[in-house]
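Here is how the chains run, residue by residue.
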Amino acid sequence: ETGVTQTPRHLVMGMTNKKSLKCEQHLGHNAMYWYKQSAKKPLELMFVYNFKEQTENNSVPSRFSPECPNSSHLFLHLHTLQPEDSALYLCASSQDQKRVSSYNEQFFGPGTRLTVL
Amino acid sequence: GENVEQHPSTLSVQEGDSAVIKCTYSDSASNYFPWYKQELGKRPQLIIDIRSNVGEKKDQRIAVTLNKTAKHFSLHITETQPEDSAVYFCAASKYGNEKLTFGTGTRLTIIP
């Protein structure tokens with residue numbers, strides 16, 4: 001394990017359901033990320049949090065709502081999703097998003113495979 | 001914003017031969033270029049990266065080259081082995097901003 005965990009690993013939900021994805025990192029990092037990975041598409045950045053502050057919202061629909069209560073935990077709240085939202089949702093963390101003159105490796109979690117019926 | 005293109009989308013190589021994956025980027029301000037490997041059913045993991053002040057970097061059988069003028073960078077894998085089979089993603093970002101823009105991925109298959 002790389003120190004980034006995600007739960008659940010698999011999730012099937014209907015379009016009217018409300019569910020949440022959880023990510024936790026044990027690496028002492030300060031930046032956390034949500035990515036969406038669909039078939040035949042690049043990894044799409046959704047949200048970035050740096051020191052608990054949201055610094056990036058990549059034009060994500062409001063049916064996806066992130067929450068970062070502290071630097072170790074990141075949630076993605078889901079409601080009224082569409083079938084096209086079915087994908088692998090990956091969480092990642094790095095030392096510090098905006099650490100000048102430094103490049104920080106992003107460590108990925110195992111992902112949550114989401115299916116929207 | 002940054003746009004990263006990656007080719008080919010699939011690549012089959014005989015075991016022992018070399019594999020090359022190429023990426024181009026659009027933002028001349030990008031200066032960090034990591035490569036991630038994602039095995040089937042597993043998470044992406046960083047395998048090598050290169051900064052813009054370096055033209056080439058090697059790590060055992062893996063090497064990455066960068067041409068800033070042409071805005072392209074490549075991953076080279078020599079003496080390929082079955083465990084090299086995976087999807088490889090290139091990415092680009094800038095100093096002080098960890099927003100990685102990923103390529104579409106290359107599915108590499110090593111034929112025994």
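These figures come from a predicted structure and were not determined experimentally.

Novice: Provide a residue-level description of the overall build of chain B, including the pertinent values.
Specialist: Counting secondary structure elements, chain B contains 0 helices and 11 strands. Scanning chain B from its N terminus toward the C terminus, one meets helices and strands in the order β-β-β-β-β-β-β-β-β-β-β. Relative to its length of 112 residues, chain B is compact, with a C-alpha radius of gyration of 13 Å against a globular reference of 13 Å. Out of the 112 residues belonging to chain B, those deemed buried represent 47%. Intrachain contacts of chain B at a sequence separation of at least 6 include 53% that bridge at least 24 residues.

Novice: Explain the layout of surface pockets to me, using residue names and the numbers behind them.
Specialist: Considering only enclosed or pocket space, the largest pocket measures out at about 680 Å³ in volume. Forming the walls of the largest pocket are 28 residues, and the residues nearest its centre are A:Gln37, B:Gln38, B:Val87, B:Phe89 and B:Arg107. Mapped by element, the contributors of at least two residues to the lining of the largest pocket are strand S9 (86-94) and strand S11 (106-111) of chain B. Looking at which element gives the most residues to the lining of the largest pocket, the answer is S11(B), with 4 residues. Estimated volume of the second largest pocket: approximately 500 Å³. Lining the second largest pocket we find 31 residues, and of these A:Glu44, A:Leu45, A:Asn58, B:Lys99 and B:Thr101 sit closest to its centre. Breaking the lining of the second largest pocket down by element, the ones donating at least two residues are strand S5 (44-50) of chain A together with S9 and strand S10 (97-102) of chain B. Of all the elements, S10(B) adds the most residues to the lining of the second largest pocket, at 5 residues. Of the residues that constitute the lining of the second largest pocket, the class distribution is 12 nonpolar, 9 polar and 10 charged.

Definitions and cut-offs
- Residues numbered from 1 in each chain as written.
- Chains lettered and ligands numbered in written order.
- Predicted model: local features only at pLDDT ≥ 70, side-chain atom pairs only at ≥ 80, totals over all residues.
- Heavy atoms only, no water.
- Helix = DSSP H or I, 4+ residues; strand = E, 2+ residues; numbered from the N terminus.
- Rg over C-alpha atoms; globule rule 2.2 N^0.38 Å.
- Buried < 20%, exposed > 50% of the residue type's maximum accessible area, 1.4 Å probe, protein only.
- Contact = heavy atoms within 4.5 Å.
- 1 Å grid on protein atoms, 1.4 Å probe; cavity = no way out; pocket = protein on both sides within 12 Å on 5 of 7 lines; lining within 4 Å.
- Points joined across faces, edges and corners; volume = space filled by probe spheres on them.
- Nonpolar A, V, L, I, M, F, W, Y, C, P; charged D, E, K, R; others polar.

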